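# Examining the three-dimensional arrangement
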Amino acid sequence: MGKEGFLSPKAIGNRIKAKGLQKLRWYCQMCQKQCRDENGFKCHCMSESHQRQLLLASEDPNKIMDNFSQEFKNDFIELIKRRFGTKRVQNNIVYNEYINDREHVHMNSTQWETLTEFTKWLGKEGFCKVDETPKGWYIQYIDRDPETIRRQEELERKKKQDLDDQERSAKFIEEQVRRGQGGREPEEAPVFTELKRESEEEKITFNLAKGSCSSADGLSKASVALGPSALKAAGSGKRKDAPSTSEAKEEKKKSALDEIMEMEEQKKRSVRVDHWLHPGIVIKVVTKRLGEKYHKKKGVIKEVQDKYTAVVKMIDSGDKLKLDQSHLETVIPAPGKRVLVLNGVYRDTEALLDSIDERKFSATLTLDSGRMKGRRVDGIAYEDFSKIAGSIMTSVT
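Throughout what follows, the structure given in this document is the object of discussion. (Residues numbered from 1 in each chain as written. Predicted model: local features only at pLDDT ≥ 70, side-chain atom pairs only at ≥ 80, totals over all residues. Heavy atoms only, no water.)

Counted according to the given criterion, the structure contains 10 salt bridges. Between Asp368 and Arg338 there is a salt bridge, with the nearest N and O atoms lying 2.5 Å from each other. Highlighted residues: Asp368 in the loop between strand E13 (362–367) and strand E14 (376–381) and Arg338 in strand E11 (residues 338–341), separated in sequence by 30 residues. Look at Asp368 and you get partly exposed, because its relative accessible area is 24%. Between Asp354 and Arg376 there is a salt bridge, with its nearest N and O atoms 3.3 Å apart. With Asp354 in strand E12 (residues 350–357) and Arg376 in strand E14, this residue pair connects regions lying 22 residues apart in the sequence. (Salt bridge = Lys/Arg side-chain N within 4 Å of Asp/Glu carboxyl O. Helix = DSSP H or I, 4+ residues; strand = E, 2+ residues; numbered from the N terminus. Buried < 20%, exposed > 50% of the residue type's maximum accessible area, 1.4 Å probe, protein only.)

Right, dumping it as C-alpha cells:
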C-alpha cells in the first residue's frame, strides 16, 4: 500500500478539522501552534521545539509579554480604524471580528486579563472614547491622523468663511435699506381722538353728497366740532375695498387648519421614544441565538424591566425568557382585532385594527379608549402597535 499523500482521505480530514478556530486552552502562543485535543497539546509541550521556545522566553519574559501586548493593541486599533472608523460600537463586536483571524494574538498572552480591562486601558491612554452602559462597554476610535486633522481644519475654515460671507451680505443689505430710508420722512401714525361737542346746542352735520365742492362744504361745516385729527382721518381718501366676509372666513379656516396640522406634526415628533415594550401585548421572537425552538415564535410580555428588557412567556411551550427589545418585533393581527398603540401621540391607547396598507407598511386604527375614543387614525406604522393578548392570556396564565 502506497504512502498517504496530500489528497488522501486522512489528510483531507485533518485539514478540515484544523480549519477555523478551536479551543483556546490547547493553543500555544509561543510556538503559535493550535492543537486539536488534550493529548496533542501534551505531546507538543513535551516536544523539543517547545522547550527551546520556553528557554528563550525565560531569559526576558516581560519583553515577550510586551511584544505580544503591543501586537494585540496595534491589530485591535487597526481593525477599529479600518472597519468602524469613528463610529461608536460595542467592544464585544470588535473583539469577535478580531478573533475571526486564526493567526491572531490571544489575549491570555498579553498584559490584560479581560476585555473590559483592555477597554478601560484604551480610554485611559486616549486611543478611544469609552463609556459603560447597561448593555456593556462601548468604544469610539479617536482619529489623530495628521491628514484627517488637516481635513477637519479645512472644513471648519470653510464653514467659518461661509458664515463671514453671510454676515457681510446681511450687513450690506441693512446698509442699503438704511440708505434707502434716509431720504424719506417716516410716516406718522394717525392719532384718533374722541368725538366731543363743545356745547349741547351745537349740531354736527355730515354732508354725504357727491362731488368735490359739496364734500368740501360738508367738511368745512363739520370742522367746528370734529377737530384737526378727525378731519385728517376723514380726508385721508377713499377706503380700500375690503375682502368679502366669506373669503375672510375661508382664509381664517385654512390658516387655523394649517396651524392644527403643524401642531400635530410637532407633537408626534416630540412624543416618540426609543422603547416600545408594554406588558400584555403579543410579540414575536426574531433572534436566532436561542435556536429554532423559539425563532419566529410568539409570546406574551409579562413584565418590562429597565424599559428595554422584557420577561416573555412563550405561547406554544409556556417557557419564560428574558429578552432584549432588539430581539423582538410586534405582531399585526387580522382586521377587526384589538391592538395597543406603543409609540407616538396615541401611546398606551387601545384601538381596533380597521385596515392594513402593505405598500406603506402602515395601518388604519379606530381608537377605543381615552378622550379620543372613536377617532379614526391613518398611517400608524407596523412597529408602533401590536396585538393585545386577550384570549391568549387565559391560555398562557
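An order of E3-E5-E4 is seen for the three strands of this open sheet, with the pairing classed as antiparallel. If you trace the sheet from one side to the other, it starts and ends with strand E3 (88–90) and strand E4 (128–133), each paired once. The mean inter-strand angle of the sheet, taken between neighbouring strand axes irrespective of direction, is 30 degrees. As paired strands, E4 and strand E5 (residues 136–141) are joined by six bridges and run antiparallel to one another. Across the sheet, Lys129 pairs through a bridge with Gln140, a residue of E5. Packing against the sheet, helix H5 (residues 91–98) makes contact with E3 and E5, and its axis sits at approximately 70 degrees to E3. (Pairing = 2+ DSSP bridges. Axes fitted to C-alpha atoms, helices over the stretch in contact; angles between N-to-C directions. Contact = heavy atoms within 4.5 Å.)

Residues Phe72, Phe76, Val94, Tyr95, Tyr98 and Phe118 are the most contacted members of the largest nonpolar core, which totals 21 residues. Secondary structure elements with two or more residues in this core: helix H4 (61–84), H5, helix H6 (115–125) and E5. In this view, Val94 contacts Phe76, Leu79, Ile80, Phe84, Val89 and Ile139; residues no more than four positions away in its chain are not counted. (Core = buried A, V, L, I, M, F, W, Y, C linked by side-chain atoms within 4.5 Å.)

In the Ramachandran plot, Lys296 falls in the positive-phi region, its phi being about 65 degrees despite a non-glycine side chain. Mapped onto the fold, Lys296 is located in the loop between strand E6 (282–285) and strand E7 (298–305). At Lys307, a residue that is not glycine, the phi angle is positive and equals roughly 70 degrees.

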